[in-house]
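So the chains spell out like this:
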Amino acid sequence: MTTWRSMVAAGTTVVALVVLAACGGDDPGPEPTPEPTTTQDDDAPEELTGQQLRSALLRIEDIPSSLGTDFESARQAETTGDSDVTDGAPECSEYLSGDYGGEESDRYEYEFRDNVVVTAVYTTIRSFEDGDVDDELEAIRDIFAVCDRFEVTPDDVPIEVAVELTDFADLEGFEDLGEDGLRLHFTLSEGGVPTRSMYYHFIQIGDFVAQAGGQLAADGDPAPFLELVTTAEGKLQDLVDEVG
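A quick note: this is a predicted structure, and the numbers were derived from the prediction, not measured.

What counts as what
Residues numbered from 1 in each chain as written. Predicted model: local features only at pLDDT ≥ 70, side-chain atom pairs only at ≥ 80, totals over all residues. Heavy atoms only, no water. Pairing = 2+ DSSP bridges. Helix = DSSP H or I, 4+ residues; strand = E, 2+ residues; numbered from the N terminus. Axes fitted to C-alpha atoms, helices over the stretch in contact; angles between N-to-C directions. Contact = heavy atoms within 4.5 Å. Core = buried A, V, L, I, M, F, W, Y, C linked by side-chain atoms within 4.5 Å. Buried < 20%, exposed > 50% of the residue type's maximum accessible area, 1.4 Å probe, protein only. Phe/Tyr/Trp six-rings, centres within 6.5 Å; stacked < 30°, edge-to-face > 60°.

A. View of the sheet that holds strand β10 (residues 180-190). Taken in spatial order, the nine strands line up as β3-β6-β7-β12-β11-β10-β9-β8-β5 in an open sheet, and their pairing is antiparallel. Sheet topology places β3 (71-73) and β5 (85-87) at the edges, where each strand pairs with a single neighbour. Strand-to-strand, the axes of this sheet are offset by a mean angle of 25 degrees, without reference to chain direction. Running at roughly 35 degrees to β10, helix α3 (residues 133-146) makes contact with β7 (119-128), β9 (159-167), β10, β11 (193-205) and β12 (208-217) of the sheet. Contacts from helix α4 (residues 225-243) reach β7, β10, β11 and β12 within the one sheet, and its direction differs from that of β12 by about 165 degrees.

B. Up close: the nonpolar core. Among the nonpolar cores identified, the biggest contains 30 residues, and I125 and L236 are the most heavily contacted of them. Those elements giving two or more residues to this core turn out to be β6 (104-114), β7, β11, β12 and α4. If sequence neighbours within four positions are ignored, L236 has contacts with A56, I125, I203, I205, F208 and A210. Core analysis: the next-biggest nonpolar cluster, separate from the first, contains 29 residues, V85, C92, L96 and C147 among them.

C. Structural detail: the packing of aromatic side chains. In this structure the tally under the stated criterion is nine aromatic pairs. Measuring from ring centre to ring centre gives 5.2 Å for F168 and F174, while their planes differ by 45 degrees; the resulting arrangement is tilted. Taking the centre distance of 5.4 Å and the plane angle of 45 degrees together, the rings of Y199 and F225 count as tilted. Of this pair, Y199 sits in strand β11 while F225 sits in helix α4, placing them 26 residues apart in sequence. Taken as a pair, Y199 and F225 share a single burial class, namely buried. Each member of the aromatic cluster is reached from another via a ring pair, and the members are Y95, Y100, Y122, F144, F150, F186 and Y200.

D. Just the pairing of β6, in detail. Within β6, eight of the eleven residues are buried, which leaves it mostly tucked inside the rest of the structure. With three bridges connecting them, β3 and β6 associate as antiparallel partners. Note that in β6 the partner of E72 across the bridge is R113. The turn linking β6 back onto β7 is made up of four residues, and V118 within it adopts a positive phi angle of 55 degrees.

Rendered as structure tokens:
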């Protein structure tokens, strides 16, 4: 089931606009005991396990202290569909409904929230098969070449969203991360007044796409995300090396 997530906190609107399929989105906890292995043909590829995918997710200890120091695992309230999109190009709804890009074969995600500085950090890992990964980042680029602003109405509160997309190649410090990568920056406003900034960084290596980012106050400094994304890229590369 495709969902987009929304939360409204007292005095400040916090809307997570990246569409995430609900499968595998459990909060971090003890890793499960590996299932017993069975003998298989030497030429048959090994099936990727959920435990391997989760190893590429960021953990609380990976979050730079400059983003906060009191993080806990959290889950966002989920609401269905894209009916809350009240204004914007059709491509905006495609993104919010998840109807774009390659068809992922598996996904895991965590969210962490710092209730002291009202910051959130997101981490997602997705795997693709049959070359579908090649369509993912290009589809995001195509969408936001047209969708540069839109409006949503979570809980009947109109939120204006301005969008900025930057390729890693044009983002200082990010140039060498992954085989391909981009940043989405959403600026959320109420009544023309910016309230939050949300940053999503997509990193592709091989048949995997990792996402790392989070939400800050409207005037928050995104510089610490470089450290966060660099760590995410390293974990993703470790996964790619492990599965060959």
